[in-house]
Amino acid sequence: MPRRTLLNMEIRLATQADFEQVGVVFAEENQFHAELVPEIIQVAEPIMTHKWYDDVLGDPDKTLFVAELGKEIVGVALVVLKNNSDDPIFTKRRYIYIDEIAVAAAHRGQGIGRALMERIHRWGRAQGITEFELQVWERNDQAIGFYEKLGYQKWRRTLLFVGDEEVRLTA
């Protein structure tokens, strides 16, 4: 079967009718992450509920984009408008947090992720927002390379300690 080109791909806002197909893409992403970091992520059944989906679609600070080829959803991106903490040590900041971005495995490497990211950036800039933030697992070299090619840089690191040993400071 020949690969469909991105010329007939549309990136649009998700609708109620997309629930099942969005779930398929998110379930595949969940499986990938469960294999990548099994000590943190497990396969969820179901991956999402109608309530969660309805809450996302109804939240003015959240936007769910879908990438559609023909009638098939092949990519999904969930973005959240955020303001930094009201803590006075932080400067005022409004930014877009890219909570989830997923492309169906059969369609990776075709520019769908890039098209979703471009759409997210256009959407943010139209709202006067120029800062975009996301998190990626350290083990996900392919995703890290993808984001770095788009101009994303490291600027904060999350560290994890697991164990029942007592932490001791030595002098």
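Scroll up to find the structure this text is about.
In this report, the structure presented in the accompanying data block is examined. (Residues numbered from 1 in each chain as written. Predicted model: local features only at pLDDT ≥ 70, side-chain atom pairs only at ≥ 80, totals over all residues. Heavy atoms only, no water.)

## Some remarks on the side chain of Thr63
Following the sequence through the fold, Thr63 ends up in strand β2 (residues 62–69). When its relative accessible area of 9% is taken as the criterion, Thr63 is described as buried. Among all residues touching Thr63, those that are not within four sequence positions of it are Leu13, Ala77, Leu78, Val79 and Trp123. (Helix = DSSP H or I, 4+ residues; strand = E, 2+ residues; numbered from the N terminus. Buried < 20%, exposed > 50% of the residue type's maximum accessible area, 1.4 Å probe, protein only. Contact = heavy atoms within 4.5 Å.)

## Points about the environment of Val80
Locating Val80 in the fold gives a position in strand β3 (residues 72–83). For Val80, a relative accessible area of 11% translates into the label buried. When the C-alpha positions of Val80 and Asp99 are compared, they lie 6.8 Å apart, and in sequence the two are 19 residues distant. With sequence-adjacent residues up to four places away left out, Val80 is seen in contact with Asp61, Lys62, Tyr95, Ile96, Tyr97 and Asp99.

## Focus on the pattern of salt bridges
Working definition: two side chains of opposite charge can pair if their charged atoms are close together. Counted under the stated rule, the structure contains 7 salt bridges. Between Arg12 and Glu68 there is a salt bridge whose closest N-O contact spans 3.2 Å. Taken as a pair, Arg12 in strand β1 (residues 9–13) and Glu68 in strand β2 lie far apart in primary sequence, 56 residues in all. With relative accessibility at 17%, the residue Arg12 sits in the buried group. Here Glu68 falls in the buried class, since its relative accessible area comes to 14%. Linking Asp55 and Lys51 is a salt bridge whose minimum nitrogen-to-oxygen distance equals 2.8 Å. Separated by 4 residues within a single helix, Asp55 and Lys51 lie in helix α2 (residues 50–58), roughly one turn from each other. Overall, the relative accessible area of 41% leaves Asp55 in the partly exposed class. One connected set of salt bridges, linked through shared partners, spans Arg93, Glu131, Glu133 and Arg156. (Salt bridge = Lys/Arg side-chain N within 4 Å of Asp/Glu carboxyl O.)

## Examining the sheet that holds strand β4 (residues 94–103)
One open sheet holds the 5 strands; their spatial order is β1-β2-β3-β4-β5, and the pairing between them is mixed. The open sheet is flanked by β1 and β5 (132–134), the only strands paired with a single partner. Here the average twist between neighbouring strands, direction ignored, is 25°. As paired elements, β2 and β3 share 8 bridges and run antiparallel to each other. Bridging across to β3, Phe65 finds its partner in Ala77. (Pairing = 2+ DSSP bridges. Axes fitted to C-alpha atoms, helices over the stretch in contact; angles between N-to-C directions.)

## Focus on the side chain of Gln110
Inspection of the secondary structure assignment puts Gln110 in the loop between β4 and α3 (112–126). Classification of Gln110 by relative accessible area gives buried; the value is 16%. At 3.4 Å, the side chain of Gln110 forms a polar contact with the backbone oxygen of Ala106. (Polar contact = N/O pair within 3.5 Å; in protein donor to acceptor, adjacent residues only side chain to side chain.)

## Thoughts on helix α1 (residues 19–36)
With 18 residues, α1 should reach 26 Å at 1.5 Å per residue; the first-to-last C-alpha distance of 25 Å fits that figure. Along α1, the residues that are buried comprise Phe19, Val22, Gly23, Val25, Phe26, Glu29, Asn30, His33, Ala34 and Leu36. Those residues of α1 that are buried are in contact with α2, β2, β3 and β4. (Expected span 1.5 Å × (residues − 1).)

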